[in-house]
Amino acid sequence: MGDFHPDAHVKGLEGSNFTAFIFSSSPAISKALSLSNTMAQNYIVFTEKKTIHFTSYEHSPMDSSFENSIISPLEFMKTLDVQDTKSIITAHDFFKFIEAFKPLKAAGGLVQSEGQWLLIHRNGFWDFPKGGMEEKEFAMQTALREVREECGIKNLMINDLTPLITYHAFERKGKWFMKETQWFFMSALNHEGICPQRAEGITQVVFADPDQVNRNLKNTYPMIQWLWAKISERTHG
């Protein structure tokens, strides 16, 4: 088992699922742990304006002739802009679908403090802090680093070892990417040092109460709205 020393306090350890922090040189064990972490959710892929729902998060039972009749994932993505609806259902197999994209890994923080939630305003939209994983970095480390860099907040505590996971498909210079982001619930012990990272296009960093978050996120990206719905379910459920 490899060494792991997260640069943060962690609470709620009793009864938690530790599979995300078991490291093994065995590919079979690593694959099994990865699947156990992701099979717990129904799969959704987001674009900047659309939400793609997959008919099942398990491999589809459809016969091969039907599966072969489905257009390729990248051709499917090109049809989204001409569809009026913002929510689309597809019969594509999720695992085969994402194989068509160049994978990217990221992590972010869902940070609360005294009943308020941390938001950033970046490139004209309200968002949650996140960023790409660096080489040899674990997802939790990435999430903590990004919150600190983008918001200036240093005193953070991880509240839950199991992250929410989102998938974001986007095109850049003719190439399609699939970004998998792990979102960790955190608490800010104080608001000292809060400051937007303007070099990353962030103009505001605020802690907002739930009513203000609802207003701020009304016209943001569908993925961020989905995350806020999950936060609300967790908080009030």
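Structural data are supplied above this passage.
The text that follows walks through the structure, step by step, so that each part is easy to find. This structure is a prediction, so every number in the text was calculated from the model and none was measured.

1. With respect to the pattern of salt bridges
Then, in step 1: A complete count under the given rule lists ten salt bridges for this structure.
Then, in step 2: Linking Asp 127 and Lys 130 is a salt bridge whose minimum nitrogen-to-oxygen distance equals 3.1 Å.
Then, in step 3: Using a relative accessible area of 4% as the deciding quantity, one classes Asp 127 as buried.
Then, in step 4: For Arg 234, the salt bridge goes to Asp 160, with nearest N and O atoms at 3.1 Å. Within this pair, whereas Arg 234 is found in helix α7 (residues 222-236), its partner Asp 160 is found in the loop between β9 (156-158) and β10 (164-172), the two being separated by 74 residues in sequence.
Then, in step 5: Each of Glu 134, Glu 137, Arg 145, Glu 146 and Glu 149 takes part in one network of salt bridges that share partners.

2. What about helix α5 (residues 139-151)?
Then, in step 1: For α5, with 13 residues, the first-to-last C-alpha span of 18 Å sits near the 18 Å given by 1.5 Å per residue.
Then, in step 2: Counting buried positions along α5 yields eleven of 13 residues, so the element is predominantly enclosed.
Then, in step 3: On its buried side, α5 packs onto β5 (102-113), β6 (116-122), β8 (130-132), β9, β11 (175-188) and β12 (202-208).
Then, in step 4: Positioned one or two residues after α5, Gly 152 has a phi angle of 80°, which is positive.

3. Some remarks on the environment of Ala 107
Then, in step 1: On the secondary structure map, Ala 107 appears in strand β5.
Then, in step 2: For Ala 107, a relative accessible area of 0% translates into the label buried.
Then, in step 3: Put simply, Ala 107 and Gln 182 are 75 residues apart on the chain and 4.5 Å apart in space, counted from C-alpha to C-alpha.
Then, in step 4: Excluding residues within four positions of it along the chain, Ala 107 makes contact with Lys 130, Gly 131, Ala 139, Thr 142, Ala 143, Glu 146, Thr 181 and Gln 182.

4. Points about the nonpolar core
Taken as a class, soluble globular proteins show a tendency for nonpolar side chains to be buried jointly.
Then, in step 1: Membership of the largest hydrophobic core comes to 20 residues, with the highest contact counts inside it found for Val 111, Leu 118, Ile 153, Leu 156, Ile 158, Phe 184 and Met 186.
Then, in step 2: Elements with a minimum of two residues in this core: β5, β6, α5, β9, β11 and β12.
Then, in step 3: With six residues, the single largest contributor to this core is α5.
Then, in step 4: Leave out the neighbours within four places in its chain, and Phe 184 touches Gly 108, Gly 109, Leu 110, Ala 139, Met 140, Ala 143, Ile 158, Asp 160, Leu 161 and Pro 163.

5. A few points about the pairing of β5
Then, in step 1: Where β5 lies against β11, eleven bridges are found, and the strand directions are parallel. Counted as the bridge partner of Leu 104 is Lys 179 from β11.
Then, in step 2: Linking β5 back to β6 in an antiparallel pair, the connection comprises two residues, with Glu 114 at a positive phi of about 55°.

6. Regarding the packing of aromatic side chains
Then, in step 1: One pass over the full model with this rule turns up 16 aromatic pairs.
Then, in step 2: Plain terms: the ring middles of Tyr 43 and Tyr 167 are 5.9 Å apart, the flat faces sit at 65° to each other, and that makes the pair edge-to-face. Highlighted residues: Tyr 43 in the loop between α1 (27-38) and β2 (44-46) and Tyr 167 in strand β10, separated in sequence by 124 residues.
Then, in step 3: Note on Phe 170 and Phe 177: the rings are 5.5 Å apart at their centroids and 20° apart in plane angle, and the pair reads as stacked. Here Phe 170 and Phe 177 have matching classes, each one buried.
Then, in step 4: Taken together, the ring pairs in this structure connect Tyr 43, Phe 54, Phe 76, Phe 94, Phe 95, Phe 97, Phe 101, Tyr 167 and Trp 176 into an aromatic cluster.
Then, in step 5: Lying over the aromatic face of Phe 185, Arg 234 brings its terminal NZ or CZ to 3.8 Å of the ring centre.

Reading guide: rules and limits
- Residues numbered from 1 in each chain as written.
- Predicted model: local features only at pLDDT ≥ 70, side-chain atom pairs only at ≥ 80, totals over all residues.
- Heavy atoms only, no water.
- Salt bridge = Lys/Arg side-chain N within 4 Å of Asp/Glu carboxyl O.
- Buried < 20%, exposed > 50% of the residue type's maximum accessible area, 1.4 Å probe, protein only.
- Helix = DSSP H or I, 4+ residues; strand = E, 2+ residues; numbered from the N terminus.
- Expected span 1.5 Å × (residues − 1).
- Contact = heavy atoms within 4.5 Å.
- Core = buried A, V, L, I, M, F, W, Y, C linked by side-chain atoms within 4.5 Å.
- Pairing = 2+ DSSP bridges.
- Phe/Tyr/Trp six-rings, centres within 6.5 Å; stacked < 30°, edge-to-face > 60°.
- Lys NZ or Arg CZ within 6 Å of the ring centre and 35° of its normal.

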